[in-house]
Structure formats: structure tokens, C-alpha cells
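Breakdown of the fold
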Amino acid sequence: MQQNIDSYDFNGKRAIVRVDFNVPLNDKFEITDDTRIRRAMPTLKKVLAGGGSVIIMSHLGRPKKVEDKFSLRHIVDHVSECLGVPVQFADDCQKAQAQAAALKPGEALLLENLRFYAEEEGKPRGLAEDASDDEKKAAKAAVKASQKEFVKTLASYADCYINDAFGTAHRAHGSTALIASYFPDDKMFGYLMEGEIKAIDNVLKNAQHPFTAIIGGSKVSSKLAVLENMLEKVDNLIIGGGMGYTFVKAQGGRIGNSLHEDELIPQALEILAKAEEKGVNIYLSKQTLVADEFSNEARTQLVPSSEIPDGWEGMDAGPESLAVWKDVILSSKTVLWNGPVGVFEMSAFANGTLTIARDLAEATGKGAYTLVGGGDSVAAVTRMGFADKVSYVSTGGGAMLEALEGKDLPGIAAVRE
Ligand code: AMP
């Protein structure tokens, strides 16, 4: 049975906590953004304050073998500083039995990168490029078999399991999902995970209407399932960014050199038709800031999105689009935003995305519930200093997308089962 972190008695217990400390490091191994570390602190501190000890586990990057640049050793000091106690380090996550057993109440141990073992992801490594299907199958079976031992060893360190790693909740990995079965009556979500789940429920299950979703980004193909699921939920759907041009082209517009996916045109038309059927208002960008090359220094002009001249490409939403979108956003009671509405990495084309961030903050001030998810939108909100002026900023990119597609996330399901 699933437990609750607030009511669970941690006194004298060892908690193994899956966090997402997959933070960006510079070439001197300094942390350049410690948001994920800070957001896990309430959970870790709760266990320590309750008289328990914590065994912290995470992945860092995508190592294919043991590699110093992916070692969690680089972040131990910073985690100690944030937690307020010296954090011990186990330099092999599979050989931490003695260190875990020696933990006293109030103490913390960080395990080395779980992905130094292929068993964490349960995917074979080092297969020859020309491996036959049979060889691939055998390698997969072998890693799945040793994955059980890997997970059992991790589970043996602790009395209870807490999953606080929303960023990897969409992965059915050893530490994010499989381990939960070793703690049938002692498994729970941490505060960060609880917050993320509540935020998702606030938009997918309990949304106040009017509900507007703003979906941007480069490609329709990567957000198709999100768009389809959103049609079942929202009153207004704003489609921005590179993906918008596939829709404009589908409607017969001229899009010049703008990013688009011809093969997705049938799906785009289907989405438009379904929206009409369901009474969902679709707002594409009506005016576009176009450039004569994909560069911050390019020449630019504002044109209607369906009349982009040859040789020019759409780079950002124009002010007329932003004005329409702003009215929609400010008249909504729930707003979900995922994906930039322009090439916001270039200062010349960041205005649209930064304006959306500002509109969301304003809508929140007027009482709307606003959820921002996805790395780029989160970066925009943070850059504008609005992270605490929207209702919730998600820590999960891929996990948030899959949740918005309506999928059950394995990391969540394993604790609830
Ligand atoms: P995604 O990874 O699909 O969420 O898309 C994010 C990327 O979309 C960002 O890197 C943006 O620069 C890019 N993007 C947004 N609008 C455009 C556009 N009009 N043309 C090309 N790329 C875009």
C-alpha cells in the first residue's frame, strides 16, 4: 500500500530516495543550474527531521560506461551545502551495503551514478553494430535477468522507498519503478513528485474553464499526441513555434522556407477538423516575424503567417498574434504552456516566447491556474524572473509531455500499484 510522506514514521528508518540530480555541469564540473537539487531538498530534509537517514540515488547524463565526467562525486559538496549535513558518497551504487548499514539517524549517503550500470535502464550496452537479431535478443534477456539482482541490491539498503524524481517518472527503470515492489507497504512519493502530480491533475482532471493550452516547439511530430489529448480537455488551443507552419501550409498558406513537416499535413488537418467538431478554438499565429536566414543577425520583416515570401522563414510570432493570444490567455481560468513560440535562443526572435511568459504571470495574478512545463518554456519563465509568478513550474520535460499525452507514467504507477 502506498504511504504518505507526511504521515510516515521515519524514526530510525533508512529511506532510499530516487531524486533527479541530473543537473548541467560546466567543463570544470561546476553546477550551472541547481534547480533540481534544491527542489528535492524538502523531501530529504523531512526524512532527516523525522529521525531517519537517507540513501540518495540518481543518474547524471547518459553514460554508456563508468566515466568520470558523469560521476555524481562532482556534486556531493553542493548537495551537502543544500541539505545542511555532510553527505557521504558511495563510489559504486552496488557496493554500498556497509555504508548504508552504518548510517545513523540524520545522516545522508549519495550513491554513484546509477547509469554506470546498464541494469538501471535495463538496456544492453556494447552490442556490435552488426549484431544479429538473435544476439540482440540474448543481450536484452541477459541484462533484464541481471537487472533483478541490481534492483534487489539497491532495495536491500533501506526500509522504505521514496520516489521524488519526476524528471525520470516516464522511464520504467530499476530505481524509478522496479524497486517499488520491494517495499509493498513502505513506498511513497516525495514532495516534488506530489507537487508535479497535483499540477498535472489540476490541468488534466480538475481544470477550471475556460482552459487554454499553448503548445509550441519545433515539430508537430513530437507533440502530436499532446495536441490530440489536449483537444479532449481544452476550450482554446494556441499552436505556436515552428510546428505552426505545418498547420498554415495544411490550410493552403505560403510558408516560404519555414520549418514544416509535409508528412504531418494529414494529421494537422485532422486536428483542425476535430477541433471544429468539438468546439475547441484553435489559434495559430496570424502574423509572423520572418528572417532571410536562420541567424540572429538576419534581415527581418513582419508578414501575415500565410503569406511568407519565398526565401524567408518564420522565426517568431508577430505582435498581432501576441495580442490575440494575450486576450485568450487573460480570459482563461486554467493555462498550460509547453514549448517556445519562436526561436527564442536568438535574442532577435525571443520576444514571442518571453511575452507568453509575461502573459502567464499576469493571468496568474488575476487568479488563473498556470502550469509551465518543458525545458524551453521553463527557461523562458525563469529568464523573465517569473518562475514564482506562475502557479507551477514543472521539473520534467519528457515526463511532463507524456503525462500531457494522457499516459500513465511508470514511476508514478509503481508507487500507486
Ligand atoms: P521542441 O524541442 O520541439 O520543444 O522545440 C523547441 C525548439 O523549437 C527550440 O529550440 C526553438 O528554437 C525551436 N523553434 C521554435 N520556433 C521555431 C521556428 N519558427 N523555426 C524553427 N525552430 C523553432
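Scroll up to find the structure this text is about.
Residues numbered from 1 in each chain as written. Predicted model: local features only at pLDDT ≥ 70, side-chain atom pairs only at ≥ 80, totals over all residues. Heavy atoms only, no water.

When helices and strands are counted, the protein chain shows 14 helices and 18 strands. Taking 417 residues into account, the globule formula puts the C-alpha radius of gyration at 22 Å, and the protein chain, at 23 Å, falls close to it. Overall size of the protein chain, expressed as C-alpha extent along the three principal axes, is 70 × 55 × 45 Å. Of the contacts formed within the protein chain by residues at least 6 apart in sequence, a portion of 72% connects residues at least 24 apart. Of the roughly 18000 Å² of accessible surface on the protein chain, 49% is carried by carbon and sulfur atoms. Placing the 46 positive and 58 negative side-chain charges of the protein chain at their respective mean positions leaves the two points 3 Å apart. (Helix = DSSP H or I, 4+ residues; strand = E, 2+ residues; numbered from the N terminus. Rg over C-alpha atoms; globule rule 2.2 N^0.38 Å. Contact = heavy atoms within 4.5 Å. Areas by Shrake-Rupley, 256 points an atom, 1.4 Å probe, with all protein chains shown as cover. Lys, Arg positive; Asp, Glu negative; His and termini not counted. Charge placed at Lys NZ, Arg CZ, Asp CG, Glu CD.)

Because the α-helix completes a turn every 3.6 residues, residues three or four places apart line up on one side. Among the eight residues of helix H7 (residues 224-231), six are classified as buried, and the element is accordingly described as predominantly covered. Listing the buried residues of H7 in full gives Leu-224, Val-226, Leu-227, Asn-229, Met-230 and Leu-231. (Buried < 20%, exposed > 50% of the residue type's maximum accessible area, 1.4 Å probe, protein only.)

Taken in spatial order, the three strands of this open sheet run E13-E12-E15, and their pairing is antiparallel. Edge positions in the sheet fall to strand E13 (300-304) and strand E15 (313-317), since each has one partner strand and no second. Each strand axis lies, on average, 40° off the axis of its neighbour in the sheet, ignoring direction. With four bridges joining them, strand E12 (residues 287-291) and E15 adopt antiparallel strand pairing. Across the sheet, Ala-291 pairs through a bridge with Glu-313, a residue of E15. Helix H10 (residues 319-330) rests against E12, E13 and E15 of the sheet, and its axis sits at about 40° to E15. (Pairing = 2+ DSSP bridges. Axes fitted to C-alpha atoms, helices over the stretch in contact; angles between N-to-C directions.)

Time to look at the packing of aromatic side chains. The tally for this structure, following the rule as stated, stands at three aromatic pairs. Between Tyr-8 and Phe-10 the ring centres are 4.9 Å apart and the planes differ by 55°, which places this aromatic pair in the tilted class. There is no split in this pair, since Tyr-8 and Phe-10 are both buried. Considering the side-chain rings of Tyr-117 and Phe-150, the 5.5 Å spacing of their centres and the 45° angle between planes classify their relative orientation as tilted. Separated by 33 residues along the polypeptide, Tyr-117 in the loop between strand E5 (108-111) and helix H4 (118-121) and Phe-150 in helix H5 (residues 133-156) bring together distant segments of the chain. (Phe/Tyr/Trp six-rings, centres within 6.5 Å; stacked < 30°, edge-to-face > 60°.)

What follows covers the site of the ligand. Around the ligand, the structure places 15 residues, and the nearest of them are Ser-218, Lys-223, Gly-242, Gly-314 and Glu-345. Here an oxygen atom of the ligand and a side-chain polar atom of Lys-223 are 3.0 Å apart. One of the backbone N or O atoms of Gly-242 is found 3.0 Å from a nitrogen atom in the ligand. When the free accessible area of the ligand is taken as 500 Å², the share hidden by the protein chains comes to 80%. Across the shell around the ligand, the residue classes break down as five nonpolar, seven polar and three charged. (Near = heavy atom within 4 Å. Polar contact = N/O pair within 3.5 Å; in protein donor to acceptor, adjacent residues only side chain to side chain. Nonpolar A, V, L, I, M, F, W, Y, C, P; charged D, E, K, R; others polar.)

With respect to burial, strand E2 (residues 14-18) is a largely interior element, four of its five residues being buried. Bridging between E2 and strand E3 (residues 53-57) involves five bridges; their strand directions are parallel. Bridging from a neighbouring strand, Arg-14 pairs with Ser-53 of E3. With helix H1 (residues 35-49) bridging E2 and its parallel neighbour E3, the resulting β-α-β unit is right-handed. For E2 and strand E6 (residues 160-163), the ladder comprises four bridges, and the chain directions are parallel. Paired with Arg-18 across the two strands is Asn-163, which belongs to E6. (Right-handed = clockwise from strand over helix to strand, strands pointing away.)

As a working rule, side chains carrying opposite charge can pair if their charged atoms are close by. Taken as a whole, this structure holds 14 salt bridges when the rule is applied. Between Arg-73 and Asp-68 there is a salt bridge, with its nearest N and O atoms 2.3 Å apart. Given a relative accessible area of 44%, Arg-73 falls into the partly exposed group. Residues participating in the shared-partner salt-bridge network are Glu-121, Lys-123 and Arg-125. (Salt bridge = Lys/Arg side-chain N within 4 Å of Asp/Glu carboxyl O.)

A word on the side chain of Thr-246. On the secondary structure map, Thr-246 appears in helix H8 (residues 244-250). At a separation of 3.0 Å, a polar atom in the side chain of Thr-246 contacts the main-chain amide nitrogen of Glu-261. Beyond its immediate chain neighbours, meaning those up to four positions away, Thr-246 contacts Val-220, His-260, Glu-261, Leu-264, Ile-265 and Ala-268.

Formed by 76 residues in total, the largest nonpolar core has its most connected members in Ile-16, Leu-111, Leu-154 and Leu-237. Top element by residues in this core is helix H6 (residues 191-204). It accounts for seven residues. Aside from chain neighbours lying at most four places away, what touches Ile-16 is Ile-55, Met-57, Leu-111, Leu-154, Tyr-157, Ala-158, Cys-160, Tyr-161, Ile-162, Ile-179 and Phe-183. Grouped together as the second largest cluster of nonpolar side chains are 30 residues, Phe-10, Ile-56, Phe-89 and Ile-162 included. (Core = buried A, V, L, I, M, F, W, Y, C linked by side-chain atoms within 4.5 Å.)

Right, let's get into the sheet that holds E2. The parallel open sheet is built from seven strands, whose spatial order is E1-E7-E6-E2-E3-E5-E4. Each end of this open sheet is capped by a strand with a single partner; those strands are strand E1 (2-3) and strand E4 (87-90). Contacts from H1 reach E2, E3 and E6 within the one sheet, and its direction differs from that of E3 by about 155°.

Assignment of secondary structure puts Pro-210 in the loop between H6 and strand E8 (211-215). Pro-210 gets classed as partly exposed once you look at its relative accessible area, which sits at 30%. Residues Pro-210 and Val-335, spaced 125 residues apart in sequence, show a C-alpha to C-alpha distance of 8.6 Å. Sequence-distant contacts of Pro-210, that is, excluding residues within four places in its chain, are made with Asp-235, Asn-236, Ser-331, Ser-332, Lys-333 and Thr-334.

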